[in-house]
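As a plain string of letters, each chain reads:
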Amino acid sequence: MSFLEQLWDRLPRTSAPVLGAWIGPYWTAVQTERGTGLATTLLEAGPTHGEHAQRLPGAGHLTAMSARELAAGALSEFPLARSVGLAALNALLPEPEGRITERNAGELAAERGAGRTVGVVGWFPFLPQLKSAAACVEVFEKDPETGFALTAERAERIARCDVLCVTASALLNGTLDGLLRAARPEAWKMLVGPSAPLCRAALELGFDAVCGARVLETGPVVRVIQEGGCFQQIRQTGAVRLLNLEA
């Protein structure tokens, strides 16, 4: 089973209702009785109208679905369904338990990567800080020709890393499982981003730390999402708390 399949399988079996679903150009939010979850909005290139237009299954009736049913969309082949599904999955997670801090994710990465070879999948604002601390930083971003595909060359470079910082967007673009397979078992691994599932299961399934977000107040977050805001603007509302969960 994939990382997401195992997470979904561990969700509560009770049929919690979906209280709201909002899809903006950059962020998606789903609200349940347990809380509100976030995920990056992922769209694929393709027609938006006509016979072959992209269609989100259940659009207009998402709140009639159970939250677990909606979270199953995280396993879909359709990018937008994965975004909604991951937001629903995050909305169903209980409050995280364990070693929880509000440390900056960059500080944690720099501490763990000091003097070591660090792989960074995606782009983070703490890259300059990390490069100052680490012996070597390997950055893996979307390639113009191969996209996010895990080529043999990339897999070899990842296998040489002592520390691996992975964007939570890897959950959405389908590359996370390959990245975890390519990394050495003893490498210290961190999943970073508001889409990241803040739960012990994520640690049990391969990560040493998860740096994510918890929504404290749904209204302000949804308002920014609906008006096309980015995550920095969501943070400025004060309605989101950034947390680190460590093994």
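No experiment lies behind these values; they were computed from the predicted model shown.

1. Observations regarding the layout of surface pockets
Here the largest pocket is characterised by a volume of approximately 1,000 Å³. Lining the largest pocket are 43 residues; nearest its centre among them are Trp123, Phe124, Val192, Gly193 and Pro194. For the lining of the largest pocket, the secondary-structure elements that each account for two or more residues are helix H4 (105–113), helix H6 (152–159), strand S9 (209–215), helix H10 (231–236) and strand S10 (240–246). A per-class count over the lining of the largest pocket returns 23 nonpolar, 14 polar and six charged. Volume-wise, the second largest pocket comes out at about 220 Å³. Taken together, 15 residues line the second largest pocket, and the ones lying closest to its centre are Ser2, Leu4, Ala74, Arg82 and Gly174. Elements supplying a minimum of two residues to the lining of the second largest pocket: helix H1 (3–9) and helix H7 (176–182). Broken down by element, the residue count for the lining of the second largest pocket peaks at three residues, all from H1. For the lining of the second largest pocket, a count of residues per class yields seven nonpolar, four polar and four charged.

2. Re the pairing of S10
Most of S10 sits inside the fold, with five of its seven residues counted as buried. As judged from the three bridges shared by strand S4 (residues 99–101) and S10, these two strands associate in the antiparallel manner. By the bridge assignment, Ile100 is partnered in S10 with Leu245.

About the thresholds
- Residues numbered from 1 in each chain as written.
- Predicted model: local features only at pLDDT ≥ 70, side-chain atom pairs only at ≥ 80, totals over all residues.
- Heavy atoms only, no water.
- 1 Å grid on protein atoms, 1.4 Å probe; cavity = no way out; pocket = protein on both sides within 12 Å on 5 of 7 lines; lining within 4 Å.
- Points joined across faces, edges and corners; volume = space filled by probe spheres on them.
- Helix = DSSP H or I, 4+ residues; strand = E, 2+ residues; numbered from the N terminus.
- Nonpolar A, V, L, I, M, F, W, Y, C, P; charged D, E, K, R; others polar.
- Buried < 20%, exposed > 50% of the residue type's maximum accessible area, 1.4 Å probe, protein only.
- Pairing = 2+ DSSP bridges.

Limitation: the analysis is restricted to geometry and does not speak to function.
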